[in-house]
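Residue-level structural notes
Each chain is listed here by its residues.
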Amino acid sequence: MKQVFKFFGVVGTLIATWIALLLSPELSPAFRLVVPYLPVYALVALGCYGLGMVGYGLMVFPTCPEEGVLLQKDIDEAKAFLKQKGIDVATQ
Amino acid sequence: MAKDSDSTRRLYSILVPTYNERLNIALLCYLLFKTLNDLDVDFEVIVIDDASPDGTQDVVRQLQRVYGEDKILLRPRAAKLGLGTAYVHGLKHASGDYIVIMDADLSHHPKYLPSFIRKQLETKADIVTGTRYLEGGGVHGWDLRRKLTSRGANVLAHTLLWPHVSDLTGSFRLYRKPVLEDLVKACVSKGYVFQMEMIVRATRKGYTIAEVPITFVDRVYGTSKLGGTEIVQYLKGLLWLFFTT
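Residues numbered from 1 in each chain as written. Chains lettered and ligands numbered in written order. Predicted model: local features only at pLDDT ≥ 70, side-chain atom pairs only at ≥ 80, totals over all residues.

What follows concerns the overall build of chain A. The helix and strand tally for chain A stands at four helices and zero strands. Listing every helix and strand of chain A by position from the N terminus yields α-α-α-α. Taken over C-alpha atoms, the radius of gyration comes to 29 Å for chain A, far larger than the 12 Å a tight globule of 92 residues would show. In terms of overall dimensions, chain A has a C-alpha envelope of 85 × 30 × 20 Å along the principal axes. (Helix = DSSP H or I, 4+ residues; strand = E, 2+ residues; numbered from the N terminus. Rg over C-alpha atoms; globule rule 2.2 N^0.38 Å.)

Written out as structure tokens, the structure reads:
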């Protein structure tokens, strides 16, 4: 099944549940006050989730400065080998 | 599955597309041979050069003299023709049942190849993909803006596509040859989106995918680019995959 159908399948189910809640007669008055605004809450929650995930991802972003140093060592070793074999790699 | 038995030695073909990588290709070959000779596996390096004006092909020919023409294959193309077709071109000349694709710019270090090979032997996966975002992986050389773009792109892709893979745009991967042949035929995107399309289509087709952590050191020699054009291209690609996979 195409991703777009799966995705809107989930969205559709949520909307159907919301409409069912809107139309259901036996809701407590307090709950009835909240139900019309549920889609707004859902959108805000989705936005917060997105921003939160980006923020969290940035906070724990894996870095490896030691790999830069190790690579430089490997490069020096490789250059020495290439020079010894007479391979000219000089760039203009 | 017969190919998985160790009775016959496996051959790994390493595809490296290049454009103006005169220095990097030589450094990469040295590191490849150093790592893989220690590991005692059969391999060949296939350099697909898109008519680099900097003499990349001359350097490859000199490397062939050192390492052997059966070990380093130069399969150039007449012009800069894009990544997808570079793999198609390379695959035509590959003799191995397993194909490694990696960048020539040293952001992918050959020292991780043993863990790709081990992971594939353990899991029998169709694809082993390198990930920067699991324990043991990482990135060096990115500024805050680059990290922010990367994380944003990742969250967006995971929300829309549900791909089950932690690093979508990584391009250090090991494929079974028929799997790569099948995927490369189905994929049409360019740039960053190409690697994402390959892995997303692979999950949709039901291929098994394993991940190994890798570190990514942003290119030391030369420049890597990520501007507005790349971001727009990425977003378009994301939508394209959302509607077509």
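Given 3.6 residues per helical turn, the α-helix brings residues three or four places apart onto the same face. Residues and elements named next belong to chain B. Across its 13 residues, helix α7 (residues 192–204) extends 19 Å between first and last C-alpha, which sits within 8% of the 18 Å expected from 1.5 Å per residue. Within α7, the full set of buried residues consists of Val193, Gln195, Met196, Glu197, Met198, Ile199, Val200 and Ala202. Contacts from the buried residues of α7 go to β5 (127–131), α5 (144–161), α6 (177–186), β8 (209–213) and α8 (228–244). Gly206 lies just past α7 and shows a positive phi near 85 degrees. (Expected span 1.5 Å × (residues − 1). Buried ≥ 20, exposed ≤ 12 C-beta atoms within 10 Å, placed from the backbone. Contact = placed C-beta atoms within 7 Å.)

Our focus in this paragraph is the packing of helix α3 (residues 38–59) of chain A against α5(B). For the pair α3(A) and α5(B), the least separation of the axes is 9 Å and the interaxial angle reads 135 degrees. Relative to α5(B), the element α3(A) lies oblique. For α3(A) against α5(B), the interelement crossing comes out right-handed. Contact residues: α3(A) offers Gly50(A), Met53(A), Val54(A), Gly57(A) and Leu58(A), while α5(B) offers Lys147(B), Leu148(B), Arg151(B), Gly152(B), Asn154(B), Val155(B) and Thr159(B). Class assignment of the residues belonging to the contact of α3(A) with α5(B) gives a composition of five nonpolar, five polar and two charged. (Axes fitted to C-alpha atoms, helices over the stretch in contact; angles between N-to-C directions. Parallel < 35°, antiparallel > 145°, perpendicular 65-115°, else oblique. Left-handed = near helix turned anticlockwise from the far one by under 90°. Nonpolar A, V, L, I, M, F, W, Y, C, P; charged D, E, K, R; others polar.)

This part covers the interface of chain B and chain A. If you look at the interface, chain B gives 35 residues, while chain A gives 26 residues. Among the elements of the structure, α1 (22–39), α2 (56–67), β6 (138–140), α5, β9 (215–217) and α8 of chain B are those that each provide at least two residues to the side of chain B that touches chain A. Looking at the side of chain B that touches chain A, the element that brings in the most residues is α5(B), giving nine residues. Counted by class, the side of chain B that touches chain A contains 19 nonpolar, 11 polar and five charged residues.

We now examine the sheet that holds strand β4 (residues 98–101) of chain B. Paired through their backbone hydrogen bonds, the strands of a sheet run either parallel or antiparallel. Residue and element names in this part refer to chain B. Spatial strand order, β3-β2-β1-β4-β7-β5-β8: seven strands in an open sheet with mixed pairing. Each edge of the open sheet is held by one strand with a lone partner, namely β3 (72–74) and β8. Across this sheet, the average inter-strand angle for adjacent strands is 20 degrees, counted without regard to direction. Contacts from α1 reach β1 (11–18), β2 (42–49) and β3, with the element oriented near 170 degrees to β2. (Pairing = 2+ DSSP bridges.)

Turning our eyes to something else, we now look at the nonpolar core. As a rule of thumb, nonpolar side chains are buried together in soluble globular proteins. All names here are of chain B. Core analysis: the largest hydrophobic core is formed by 73 residues, its most contacted members being Ile14, Leu15, Ala26, Cys29 and Val100. In terms of residue count, α1 provides more of this core than any other element does, 11 residues in total. Beyond its immediate stretch of four places on either side in the chain, Cys29 contacts Val45, Leu63, Tyr67 and Ile72. (Core = buried A, V, L, I, M, F, W, Y, C linked by C-beta atoms within 7 Å.)

Below, the discussion takes up the packing of α1(B) against α2(B). Residues and elements named next belong to chain B. Two numbers describe how α1 lies on α2: the axes approach to 8 Å, and their chain directions differ by 25 degrees. With respect to each other, α1 and α2 are oriented roughly parallel. Considering only the axes of α1 and α2, their crossing is right-handed. The residues of α2 that touch α1, namely those facing Arg22, Ile25, Ala26, Cys29 and Phe33, are Thr56, Val59, Val60, Leu63 and Tyr67. Residues of the contact of α1 with α2, tallied by class, amount to eight nonpolar, one polar and one charged.

Once that is clear, we can look at the UniProt feature "domain: Glycosyltransferase 2-like" (unreviewed entry) in chain B. Within the UniProt annotation, "domain: Glycosyltransferase 2-like" (unreviewed entry) is assigned to residues 13–183 of chain B. In this annotation, residues 13–183 of chain B is assigned 44% helix and 19% strand; the end-to-end C-alpha distance for the span is 17 Å. (UniProt positions renumbered as here; feature names shortened; annotations may be inferred.)

Residue and element names in this part refer to chain B. In terms of burial, β1 is largely enclosed, as seven of its eight residues are buried. One ladder, built from eight bridges, connects β1 with β2; its direction is parallel. Residue pairing in the sheet places Ile14 in a bridge with Val45 of β2. One crossover worth recording links β1 to the parallel β2 by way of α1, and it is right-handed. (Right-handed = clockwise from strand over helix to strand, strands pointing away.)

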